[in-house]
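Each chain is listed here by its residues.
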Amino acid sequence: MNVIRNEMEQHFVHWKLNQIDKTTIPLYCVLDGAGSGKSKLLTELKTIAAKSVENKELRKRLQTVNVFNVSFENGTMLDLRIENDPLQAIGTRMLYQLIGEQASWSSFVRKFRTTPDDLID
């Protein structure tokens, strides 16, 4: 966990200094096979990360962050007849997660289109 903690703290320093560049912002990836617990790890990562960092400002931000688990399976399959823009496919799944998945995916995806930028700005 020390490696992740150190990378997150360095990432935060670079972000605060507006040094947003592929050489200063790490890409966090979780790769493994089916049923190995990737989704569970990513769901709990915000709590694990918040407990591990020493920077109090970063810890507070991590405790209140929104986590999006974007999937193209498990009920939110990609339908290229409806979804032909990759950013909208991701953004629509983010919105679906934010509103609490109250409607069925098939009816939701026919009504709503958004991008990650629309949701974050």
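Everything quoted here is computed from the prediction, not taken from an experiment.

Some details on a nonpolar patch on the surface
Thinking step 1. The grouping of V30, L41, L42 and I48 at the surface amounts to a nonpolar patch, some 260 Å² of accessible area in total.
Thinking step 2. By the element assignment, L41 lies in helix α2 (residues 38-52).
Thinking step 3. A relative accessible area of 37% means that L41 is categorised as partly exposed.

Description of the nonpolar core
Thinking step 1. Counting residues in hydrophobic clusters, the biggest one holds seven residues: M8, F12, A49, A50, V53, L58 and L62.
Thinking step 2. L58 has contacts with M8, E9, F12 and V53, leaving out every residue within four places of it along the chain.
Thinking step 3. Listed in part, the six residues of the second largest apolar core include I82, L95, W105 and V109.

Description of the pattern of salt bridges
Thinking step 1. Scanning all chains against the criterion turns up four salt bridges.
Thinking step 2. A salt bridge links K40 to E44; the shortest N-O distance between them is 2.7 Å. Of the two residues, K40 and E44 are both situated in helix α2; the distance of four residues between them amounts to about one turn of the helix.
Thinking step 3. One salt bridge in this structure joins R93 and E83, with 2.6 Å as the shortest N-O distance. Residue R93 is found in helix α4 (residues 86-98), and its partner E83 is found in the loop between α3 (56-63) and α4; the two are separated by ten residues along the sequence.
Thinking step 4. Residue class for R93 comes out buried when judged on its relative accessible area of 4%.

A look at the side chain of T24
Thinking step 1. Secondary-structure assignment places T24 in the loop between α1 (2-16) and α2.
Thinking step 2. Separated by 2.5 Å, the side chain of T24 and the backbone oxygen of Q19 make a polar contact.

A closer look at the packing of α1 against α3
Thinking step 1. Between α1 and α3, the shortest axis-to-axis distance is 11 Å and the interhelical angle comes to 95 degrees. Here α1 is positioned roughly perpendicular relative to α3, judged by the angle of their axes. Judged by residue contacts, M8, E9, F12, W15 and K16 of α1 engage E57, L58 and R61 from α3.
Thinking step 2. Classifying every residue of the contact of α1 with α3 by side-chain character gives four nonpolar, no polar and four charged.

Rules behind the numbers
- Residues numbered from 1 in each chain as written.
- Predicted model: local features only at pLDDT ≥ 70, side-chain atom pairs only at ≥ 80, totals over all residues.
- Heavy atoms only, no water.
- Patch = residues over 30% accessible without salt bridge, like charges linked within 9 Å, V, L, I, M, F, W, Y side chains within 5 Å.
- Areas by Shrake-Rupley, 256 points an atom, 1.4 Å probe, with all protein chains shown as cover.
- Salt bridge = Lys/Arg side-chain N within 4 Å of Asp/Glu carboxyl O.
- Helix = DSSP H or I, 4+ residues; strand = E, 2+ residues; numbered from the N terminus.
- Buried < 20%, exposed > 50% of the residue type's maximum accessible area, 1.4 Å probe, protein only.
- Core = buried A, V, L, I, M, F, W, Y, C linked by side-chain atoms within 4.5 Å.
- Contact = heavy atoms within 4.5 Å.
- Polar contact = N/O pair within 3.5 Å; in protein donor to acceptor, adjacent residues only side chain to side chain.
- Axes fitted to C-alpha atoms, helices over the stretch in contact; angles between N-to-C directions.
- Parallel < 35°, antiparallel > 145°, perpendicular 65-115°, else oblique.
- Nonpolar A, V, L, I, M, F, W, Y, C, P; charged D, E, K, R; others polar.

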